[in-house]
Amino acid sequence: MVAIAIAAVVGVSYCVHSFIELYKAEQNEKFCDSIKESFSMNETIRLDTQVDESATMPYSSISASAGLPWEGVVDVTIKRAELYSSVDSAGLADSVYLPQPEGTNFLLLEVEVANIDAEGEYERKTTGEKVFDITFLKVPPYGDIPYFDGTLEDATPHEVYCFELPRGESRLLHVGFFVPDDGGPHTAFLGATEKYSVPLDVEERG
């Protein structure tokens, strides 16, 4: 009888613990959804890592940050989104890093990035210089970037997505993505999560 009673207590404790953990997970998920922000094209998005990292999930010590790859303030504006059937039709066949998969179109974004007071997170092994990495910009469902026109002049194979942007300066960059040829809609995300999003008004270019 004692063994049965102990087993019952252990079983109840396990169920209670499981319920509490499930509740915490649900609350954390709701919190992350509540701090998501959506912006429009041609809207200047101020991405301040101090502000971004200040939000902490209610049942965790983990920051609910977007995982921005710099320290400081950067302004980002997605100015144009053009959709092509292929990199060939975009005139960029000789400039892409990756072959185009079947069943995809080529989406080219024009993005203005302004460095207010930030330092990039990526440190170049050859010079020790801190630079920025354009892979903070994402368009699902594919994670790779086949085209980027801001690459460092002396980039190594590991630095093809890195670019320089001194404090107080801005650059107009073009970034390409492969997207399904299903007509969209398409959304860009800023950072490693879906915290900051920009639904894209796509211009079809053929």
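Everything quoted here is computed from the prediction, not taken from an experiment. (Residues numbered from 1 in each chain as written. Predicted model: local features only at pLDDT ≥ 70, side-chain atom pairs only at ≥ 80, totals over all residues. Heavy atoms only, no water.)

Colleague: I'm lost on the pairing of strand β2 (residues 45-48) in this one. Help?
Modeller: Both faces of the sheet carry side chains from a regular strand, because those side chains alternate between them. Judged by which residues are buried, β2 turns out to be one-sided: I45 and L47 face inward and are buried, whereas R46 and D48, on the alternate face, are not. Where β2 and strand β4 (residues 73-84) come together, four bridges link them in antiparallel fashion. Note that in β4 the partner of D48 across the bridge is V73. (Buried < 20%, exposed > 50% of the residue type's maximum accessible area, 1.4 Å probe, protein only. Helix = DSSP H or I, 4+ residues; strand = E, 2+ residues; numbered from the N terminus. Pairing = 2+ DSSP bridges.)

Colleague: Got a minute to help me understand the pairing of β4 in this structure?
Modeller: Within β4, 10 of the 12 residues are buried, which leaves it mostly tucked inside the rest of the structure. When β4 meets strand β5 (residues 104-115), the two strands line up antiparallel, connected through 10 bridges. Bridging across to β5, Y84 finds its partner in F106. When β4 meets strand β15 (residues 203-204), the two strands line up parallel, connected through two bridges. Bridging from a neighbouring strand, L83 pairs with E204 of β15.

Colleague: Got a minute to help me understand the sheet that holds strand β7 (residues 122-123) in this structure?
Modeller: Backbone hydrogen bonds hold the strands of a sheet together, and the pairing may be parallel or antiparallel. Taken in spatial order, the three strands of this open sheet run β7-β8-β11, and their pairing is antiparallel. The sheet terminates laterally at β7 and β11 (162-163), the two strands that pair on one side only. Note that β7 and strand β8 (residues 130-133) share two bridges and pair antiparallel. Residue pairing across strands places E123 opposite K130, the latter belonging to β8.

Colleague: I tried to follow the packing of aromatic side chains on my own but got confused; where do I start?
Modeller: We describe a pair of aromatic rings using the distance from one ring centre to the other and the angle between the two ring planes. Taken as a whole, this structure holds seven aromatic pairs when the rule is applied. On the numbers, 5.1 Å between centres and 90° between planes, the contact of W70 with F136 is edge-to-face. One end of the pair, W70, is in strand β3 (residues 70-71); the other, F136, is in the loop between β8 and β9 (137-138), and 66 residues separate them in sequence. For the pair W70 and F136, one class covers both residues: buried. Residues F148 and F163 carry aromatic rings whose centres are separated by 5.9 Å and whose planes lie at 65° to one another, so their mutual orientation is edge-to-face. Separated by 15 residues along the polypeptide, F148 in strand β10 (residues 147-148) and F163 in strand β11 bring together distant segments of the chain. As far as burial versus exposure is concerned, F148 and F163 are alike and both buried. Through a chain of ring-to-ring contacts, three or more aromatic side chains come together here, namely W70, F132, F136, F148 and F163. (Phe/Tyr/Trp six-rings, centres within 6.5 Å; stacked < 30°, edge-to-face > 60°.)

Colleague: Help me understand the sheet that holds strand β13 (residues 187-190) in this model?
Modeller: One open sheet holds the four strands; their spatial order is β1-β14-β13-β9, and the pairing between them is mixed. In this open sheet, the two strands that pair with only one neighbour each are β1 (37-38) and β9. Here β1 runs beside strand β14 (residues 196-199); their pairing, made up of two bridges, is parallel. If you follow S38 over to β14, its bridge partner there is S197.

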